[in-house]
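Chain by chain, the residues:
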Amino acid sequence: MLPLSLLNAAQNKPMLVELKNGETFNGHLVNCDNFMNITLREVYQTNAEGDRFWKLKECYIRGSTIKYLRVPDTLLDAVKDEQSRAREAGRSARGAHVSGAGARGRGAPTRGGRGAVRGGPVRGGRGRGRGA
């Protein structure tokens, strides 16, 4: 499971964020980006010692400062199920392989290729080399 797909699924869900400096933030995820920068709303912030608290309407946390995130277990299960269903659907759709004249795998060479004229002198090839 990819962390960003989990975060995208966790929007509007409660979560706990602990920073590398020990501060914690409890709130509901509003948004996240590819750098794992997140925005929380209805936030309770706790200092590293755990003896001071602040209530914030909204806060922005830079992804590089995050030590870990804690999301509800039910969300983890839901994302796992969704990804396994998507994987199964992808397998059934990709299974239809048609081989024939139009297929261009690693088998028979395609006609022409690299601009060579059939039956003409062979030019180029690998590297620059010395001419013949």
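Cut-off values and rules
- Residues numbered from 1 in each chain as written.
- Predicted model: local features only at pLDDT ≥ 70, side-chain atom pairs only at ≥ 80, totals over all residues.
- Heavy atoms only, no water.
- Helix = DSSP H or I, 4+ residues; strand = E, 2+ residues; numbered from the N terminus.
- Contact = heavy atoms within 4.5 Å.
- Areas by Shrake-Rupley, 256 points an atom, 1.4 Å probe, with all protein chains shown as cover.
- Buried < 20%, exposed > 50% of the residue type's maximum accessible area, 1.4 Å probe, protein only.
- Pairing = 2+ DSSP bridges.
- Axes fitted to C-alpha atoms, helices over the stretch in contact; angles between N-to-C directions.
- Salt bridge = Lys/Arg side-chain N within 4 Å of Asp/Glu carboxyl O.

J.: Sorry if this is basic, but what is going on with the overall build of the chain here?
T.: Of regular secondary structure, the chain possesses two helices and five strands. Helices and strands in the chain line up, N terminus first, as α-β-β-β-β-β-α. Considering only intrachain contacts with a sequence separation of at least 6, the fraction spanning at least 24 residues in the chain is 44%. Here the chain has roughly 10,800 Å² of accessible surface; of this, 50% comes from carbon and sulfur atoms.

J.: Help me understand the environment of Leu 7 in this model?
T.: Along the chain, Leu 7 falls in helix α1 (residues 3-9). Relative accessible area serves as the criterion here: at 3%, Leu 7 is assigned to the buried category. Once the C-alpha coordinates of Leu 7 and Ile 38 are considered, the two residues, 31 residues apart in sequence, prove to be 9.1 Å apart. Among residues more than four places away in sequence, those in contact with Leu 7 are Met 15, Leu 29, Cys 32, Met 36, Ile 38 and Leu 69.

J.: Just checking my understanding: could you explain the sheet that holds strand β4 (residues 53-61) for this structure?
T.: Pairing between the strands of a sheet comes from backbone hydrogen bonds, and it takes one of two forms, parallel or antiparallel. Strands sit in the order β4-β3-β2-β1-β5 across an open sheet of five strands; the sheet is antiparallel. With one partner strand each, in any of the chains shown, β4 and β5 (66-70) form the two edges of the open sheet. Averaged over all neighbouring strand pairs, the angle between strand axes comes to 30 degrees, with direction disregarded. Pairing of strand β1 (residues 14-19) with β5 involves four bridges; the strand directions are antiparallel. Paired with Leu 19 across the two strands is Ile 66, which belongs to β5.

J.: Which parts of the structure should I look at to understand the side chain of Thr 39?
T.: Looking at where Thr 39 falls in the secondary structure, it is placed in strand β3 (residues 38-46). Beyond its immediate stretch of four places on either side in the chain, Thr 39 contacts His 28, Leu 29, Val 30, Asn 31, Glu 58, Cys 59 and Tyr 60.

J.: How should the pairing of strand β2 (residues 24-32) be read in this particular structure?
T.: A regular strand places its side chains on the two faces of the sheet in alternate fashion. Across five bridges, β1 lies against β2 in antiparallel orientation. Directly across from Pro 14, in β2, lies its bridge partner His 28. Connecting β1 to the next strand, β2, in antiparallel fashion are four residues, including Gly 22 with a positive phi near 100 degrees. Strand direction decides the pairing type here: β2 and β3, joined by seven bridges, are antiparallel. Paired with Phe 25 across the bridge in β3 is Gln 45. Counting the residues that bridge the hairpin from β2 to β3 gives five residues, and of these Met 36 lies at a positive phi of roughly 65 degrees.

J.: Just checking my understanding: could you explain the environment of Ile 66 for this structure?
T.: Within the secondary structure, Ile 66 is located in strand β5. Linking Ile 66 and Met 36, residues 30 residues apart in sequence, is a C-alpha distance of 8.6 Å. If we ignore the near neighbours within four places in the chain, the residues touching Ile 66 are Val 17, Glu 18, Leu 19, Lys 20, Met 36, Ile 38 and Ile 61.

J.: Where do I start with the pattern of salt bridges in this structure?
T.: Side-chain pairing between opposite charges can occur once the charged atoms of the two side chains come close. Evaluation of the coordinates by the stated rule reveals three salt bridges. Between Arg 41 and Glu 42 there is a salt bridge; the shortest N-O distance is 3.1 Å. Judged by its relative accessible area of 42%, Glu 42 falls in the partly exposed class. Glu 88 is the partner of Arg 91 in a salt bridge, and the nearest nitrogen-oxygen pair spans 2.8 Å.

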